[in-house]
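Survey of secondary and tertiary structure
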Amino acid sequence: MLTPELFQFFDAECDRLGPTCKRMGELREERGGRKKAIDYSGRFVDLWQDADPESPPPVTEVKGRMARLVTEGR
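Every value quoted in this text rests on a predicted model; they were computed, and no experiment measured them.

Turning to the overall build of the protein, a few remarks are in order. Tallying secondary structure elements over the protein gives 3 helices and 0 strands in all. Scored against the burial criterion, the 74 residues of the protein give a buried share of 26%. Surface summary for the protein: the accessible area is close to 5500 Å², and the carbon and sulfur share equals 55%.

As structure tokens, then:
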């Protein structure tokens with residue numbers, strides 16, 4: 001059963017995990033790891049796509065970077 005305490009735990013983890021995945025995607029891209037950059041960026045988008053609209057995360061920016069990386073890989 002999901003208790004309020006578990007929801008708080010998951011919210012806190014997403015608050016830390018999302019930005020970490022975003023940064024890992026940026027670092028992998030800088031180092032030429034296109035596939036890993038897409039993977040980490042995708043994890044960020046999955047975690048943050050339904051974020052509070054009053055403080056929107058840069059999901060659109062990350063999706064654009066992912067699209068560019070996919071296109072470059074073809």
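Right, picking up where we left off after that structure.
Moving on: the packing of helix H2 (residues 34-48) against helix H3 (residues 59-72). H3 packs onto H2 with a crossing angle of 150° between their chain directions and a minimal axis gap of 10 Å. Viewed along their axes, H2 and H3 adopt a mutual orientation that is roughly antiparallel. When the axes of H2 and H3 are compared, the crossing they make is left-handed. In this structure, H2 contributes Arg34, Ala37, Ile38, Ser41, Gly42, Phe44, Val45 and Trp48 to the contact, and H3 contributes Val59, Val62, Lys63, Arg65, Met66, Leu69 and Val70. Of the residues assigned to the contact of H2 with H3, the class counts are 10 nonpolar, 2 polar and 3 charged.

Another point: the pattern of salt bridges. Applying the stated criterion across every chain, the model contains 9 salt bridges. Residue glutamate 29 pairs with arginine 68 through a salt bridge whose shortest N-O separation is 2.3 Å. Highlighted residues: glutamate 29 in helix H1 (residues 4-30) and arginine 68 in helix H3, separated in sequence by 39 residues. Taking relative accessible area as the criterion, arginine 68 reaches 37% and is therefore assigned partly exposed. Here arginine 68 ties to glutamate 72 by a salt bridge, and the two come within 3.1 Å at their closest N and O atoms. Taken together, the positions of arginine 68 and glutamate 72, both in helix H3 and 4 residues apart, correspond to about one turn of that helix.

Cut-offs used in this document
- Residues numbered from 1 in each chain as written.
- Predicted model: local features only at pLDDT ≥ 70, side-chain atom pairs only at ≥ 80, totals over all residues.
- Heavy atoms only, no water.
- Helix = DSSP H or I, 4+ residues; strand = E, 2+ residues; numbered from the N terminus.
- Buried < 20%, exposed > 50% of the residue type's maximum accessible area, 1.4 Å probe, protein only.
- Areas by Shrake-Rupley, 256 points an atom, 1.4 Å probe, with all protein chains shown as cover.
- Axes fitted to C-alpha atoms, helices over the stretch in contact; angles between N-to-C directions.
- Parallel < 35°, antiparallel > 145°, perpendicular 65-115°, else oblique.
- Left-handed = near helix turned anticlockwise from the far one by under 90°.
- Contact = heavy atoms within 4.5 Å.
- Nonpolar A, V, L, I, M, F, W, Y, C, P; charged D, E, K, R; others polar.
- Salt bridge = Lys/Arg side-chain N within 4 Å of Asp/Glu carboxyl O.

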